[in-house]
Amino acid sequence: MNTIGPIITLPWGFFLYTLIGVIILVIIGEIWWAKMEHFPEDEQPYSEGNHFVIKSDLTDEEE
Amino acid sequence: MNQFVTIGGIAYNFIIIAVCTIFIFMRRRRRQAQEDFMFGGKQMGWFAIAASIALTALGGGHINGLSFQSWVDGVGVIWYCFGAGLCLVIVMRFTGVWYRRSGCFTVNEMFGKLFAPVLTPILAGFTIGYCWLILCVETQGLASVISALTGLPNLTSGVVGILIGVLYVLLAGIEEVGLVNSVNAILMYVFGFIALGVIGICVPNGWVGINNTLVVNTPELVAAFGNAEIIRSYIIGTFLSLALGMNFIQSNCQAVASADDLRVMRKAGIGAVVMNVMFGVIIIGFGLAALGLKQQGFIGAEMGIAGMMEMILTFFPPWLQICVVGMFAAAMLSTISMVALTIALSLNKEVLGHFGAFKGMSQKKEGTLARIWIVLAGLTAAIAAVNIKDAVNTTITWGFSWFIPLFFMFLIGLYWKRSTVAAMVTIFACWACNLALSFTNMAAKFNLEGNNHSIFLVVISLVLGLLITGLDKNAKPSFKKLYKEQRAAYDAARAK
């Protein structure tokens with residue numbers, strides 16, 4: 001069966017191949033960070049009493 | 001029995017554990033801080049969080065699974081690592097962020113509050129089952145290494161391995177695990193890349209011989225995307241399973257909840273992706289080097305992990321044998337510790353927490369109970385692990401796919417509407433489908449046999465999740481809207 005993609009030389013060609021994948025993932029992560037909605041409370045340290053816990057809004061019947 | 005390497009490999013881990021434990025106890029004493037076994041006082045640094053998240057998703061599935069799978073699918077197996085890397089991006093930028101914002105103890109509790117309270121114990125049961133499966137996988141990985149070193153039977157090796165694993169986490173909880181992981185993360189890469197260099201010098205014909213042999217005999221194993229069969233049966237399904245299935249597994253989110261604020265998570269996210277994915281280069285490199293040596297007739301092992309161990313014990317200098325074996329054990333021990341902690345957390349908070357005598361337990365009582373669960377889970381996993389010797393990669397990918405519907409229901413609930421009916425139907429339909437795929441040849445009828453359960457579950461999750469949510473007239477407003485309302489009220493009350 002025909003191979004797909006270039007032949008990867010071990011180990012450093014493989015290292016480079018993986019590194020490219022990692023760089024793409026890190027860029028995706030950083031773009032995501034830049035685009036995501038940041039709330040002011042995200043930067044309040046937990047150690048300073050930021051102990052919010054969400055409450056369920058489901059009705060008694062469903063609960 | 002290779003006593004020198006066995007004792008050295010175990011000593012490698014004991015020394016790191018002992019030094020880190022002493023350091024943490026001294027620091028805690030100096031700060032007069034109380035032990036927080038589960039969350040480390042929510043003050044872990046970015047490197048400790050990155051190392052913990054990276055190493056939790058990196059263990060027997062890599063060492064045992066990738067080395068085995070590299071003999072079947074070659075460098076294409078790196079897509080397992082890319083899938084894990086994308087999952088870590090999603091956790092650190094999306095799912096983990098919302099889990100943290102919700103303030104819930106566990107992701108299961110969050111799902112219970114958003115969709116249906118009954119989901120909390122159901123998902124807790126699944127989390128415990130999943131974590132126990134991972135414990136089995138890791139124990140089998142340790143058993144393979146110990147067995148190759150000592151010649152002990154697989155079961156005995158598994159029991160020895162899990163005893164060391166339980167000790168790893170028993171002493172100080174997540175804070176110790178975080179520090180030990182940080183030290184191990186650095187050492188793993190140092191010794192791993194040294195070992196890749198040593199293969200070029202110490203094995204007959206070096207990397208040139210290995211590359212030439214593989215290109216002639218099995219070119220698909222060194223092609224970037226393998227061949228059509230490897231893409232169909234392994235790459236797509238495995239990538240989806242890892243990227244979308246691991247997001248709401250408590251053990252992968254546990255360290256996220258230990259961050260002091262979101263800025264810590266930004267740095268930790270980058271570190272975790274690099275640490276996790278690059279480790280694949282080392283293990284798949286070892287696996288393919290062993291295969292190249294087998295094709296040249298220098299080793300005789302019949303499968304990946306055994307071939308890799310034979311190569312290490314035959315050609316590496318003794319000091320490097322100790323470091324590499326110690327490194328393998330460290331990677332598996334870190335996963336054992338985190339999934340064992342998750343089992344303890346789920347049992348304490350989501351199962352026992354429903355019974356009067358255990359409601360509002362002190363941190364000390366929680367810590368004691370957690371240690372009991374860890375010992376019990378570890379010992380039972382050692383006994384069960386003996387049967388999954390050759391199927392580690394398949395087992396672990398199968399395990400992740402159970403959690404795929406959670407990702408899609410969360411996505412729909414966060415941005416659109418939260419439907420209890422849609423969540424229950426979608427999750428149970430996906431699980432029924434996964435069972436059917438596991439026990440029948442249904443996947444083959446779609447020409448999707450192999451690691452492809454995730455493809456079915458992605459389609460079912462999307463179709464059922466969107467359709468039923470759209471039809472449900474009783475659906476609640478989105479999680480985002482609920483969060484903003486409640487958070488604003490909370491902040492206003494704090495400001496007064």
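Residues numbered from 1 in each chain as written. Chains lettered and ligands numbered in written order. Predicted model: local features only at pLDDT ≥ 70, side-chain atom pairs only at ≥ 80, totals over all residues.

## Section: the interface of chain A and chain B
Piece 1. Taken residue by residue, the interface counts 41 residues in chain A and 56 residues in chain B.
Piece 2. The residue inventory of the side of chain A that touches chain B, partitioned by class, reads 23 nonpolar, 11 polar and seven charged. (Contact = placed C-beta atoms within 7 Å. Nonpolar A, V, L, I, M, F, W, Y, C, P; charged D, E, K, R; others polar.)

## Topic: helix α21 (residues 479-495) of chain B
Piece 1. For α21 of chain B, spanning 17 residues, the distance from its first C-alpha to its last is 24 Å, which sits close to the expected 24 Å at 1.5 Å a residue.
Piece 2. The inward-facing, buried residues of α21 of chain B abut α4 (78-102), α5 (107-114), α17 (404-415), β1 (417-418) and β2 (476-477) of chain B. (Helix = DSSP H or I, 4+ residues; strand = E, 2+ residues; numbered from the N terminus. Expected span 1.5 Å × (residues − 1).)

## With respect to the domain arrangement of chain B
All names here are of chain B.
Piece 1. Taken domain by domain, chain B comprises domain 1 (3-392) and domain 2 (403-496).
Piece 2. Between the C-alpha centres of domain 1 and domain 2 there is a distance of 27 Å.
Piece 3. Contacts between domain 1 and domain 2 engage 20 residues on the former and 22 residues on the latter.
Piece 4. Element by element, the count of residues in the side of domain 1 that touches domain 2 is highest for helix α10 (residues 228-245), at nine residues.
Piece 5. The residue inventory of the side of domain 1 that touches domain 2, partitioned by class, reads 12 nonpolar, seven polar and one charged. (Domains from an automatic or database assignment.)

## A closer look at the packing of helix α1 (residues 12-35) of chain A against α4 of chain B
Piece 1. Where α1 of chain A meets α4 of chain B, the axes come as close as 10 Å, and the angle between the chain directions of the two elements is 15 degrees. Comparing their axes, α4 of chain B and α1 of chain A come out roughly parallel. Once α1 of chain A is placed against α4 of chain B, the crossing between them reads as right-handed. Along its contact with α1 of chain A, which presents Thr-18, Gly-21, Val-22, Leu-25, Ile-28, Gly-29, Trp-32 and Trp-33 of chain A, the element α4 of chain B presents Ile-78, Phe-82, Gly-85, Leu-86, Val-89, Met-92 and Arg-93 of chain B.
Piece 2. For the contact of α1 of chain A with α4 of chain B, the residue count by class is 10 nonpolar, four polar and one charged. (Axes fitted to C-alpha atoms, helices over the stretch in contact; angles between N-to-C directions. Parallel < 35°, antiparallel > 145°, perpendicular 65-115°, else oblique. Left-handed = near helix turned anticlockwise from the far one by under 90°.)

## Here's the deal with the packing of helix α3 (residues 60-73) of chain B against helix α14 (residues 318-351) of chain B
Residue and element names in this part refer to chain B.
Piece 1. Contact pair α3 / α14: the axes reach a minimum separation of 8 Å and the direction vectors enclose 125 degrees. Looking at the two axes, α3 sits oblique to α14. Together, Gly-60, His-62 and Ile-63 of α3 and Phe-328, Ala-331, Met-332 and Thr-335 of α14 make up the contact between the two elements.
Piece 2. Residue classes in the contact of α3 with α14 are distributed as four nonpolar, three polar and no charged.

## What to know about the nonpolar core
What tends to happen in soluble globular proteins is that the nonpolar side chains get buried as a cluster.
Piece 1. Ranked by size, the top nonpolar core spans 183 residues in total, and within it Ala-54, Leu-88, Leu-135 and Ile-343 of chain B carry the most contacts.
Piece 2. Aside from chain neighbours lying at most four places away, what touches Leu-88 of chain B is Ile-53, Ala-57, Gly-269, Ala-272, Val-273 and Asn-276 of chain B. (Core = buried A, V, L, I, M, F, W, Y, C linked by C-beta atoms within 7 Å. Buried ≥ 20, exposed ≤ 12 C-beta atoms within 10 Å, placed from the backbone.)

## Considerations on α5 of chain B
Piece 1. Of all the eight residues making up α5 of chain B, eight are buried; the element is thus mostly covered by neighbouring parts of the structure.
Piece 2. Among the residues of α5 of chain B, Val-107, Asn-108, Glu-109, Met-110, Phe-111, Gly-112, Lys-113 and Leu-114 of chain B are the ones counted as buried.

## Some words on unusual backbone geometry
Piece 1. Residue Pro-11 of chain A follows Leu-10 of chain A across a cis peptide bond; omega there is -5 degrees.
Piece 2. Considering the arrangement of structural elements, one finds Pro-11 of chain A in the segment before α1.

## Here we look at the confidence of the model for chain B
Piece 1. In this model, chain B carries an average pLDDT of 83, and 93% of its residues clear a pLDDT of 70 or more.
Piece 2. Within chain B, the element-level pLDDT minimum falls on helix α11 (residues 250-253) of chain B, averaging 74, and the maximum on β1 of chain B, averaging 94. (pLDDT = per-residue confidence, 0-100.)

## Let's talk about the environment of Ile-162 of chain B
Residue and element names in this part refer to chain B.
Piece 1. Relative to the helices and strands, Ile-162 resides in helix α7 (residues 154-170).
Piece 2. The exposure class assigned to Ile-162 is buried, which follows from the 28 C-beta atoms found within 10 Å.
Piece 3. Sequence-wise, Ile-162 and Ile-128 are 34 residues apart; in three dimensions their C-alpha atoms are separated by 17 Å.
Piece 4. Setting aside anything within four residues of it in sequence, one finds Ile-162 in contact with Thr-139, Gly-378, Leu-379, Ala-381 and Ala-382.

## Let's talk about the environment of Ala-243 of chain B
All names here are of chain B.
Piece 1. Structurally, Ala-243 can be placed in helix α10.
Piece 2. Residue Ala-243 is classed as buried on the basis of its 23 C-beta neighbours within 10 Å.
Piece 3. The residues touching Ala-243, leaving out its near neighbours within four places in the chain, are Gly-83, Leu-86 and Cys-87.

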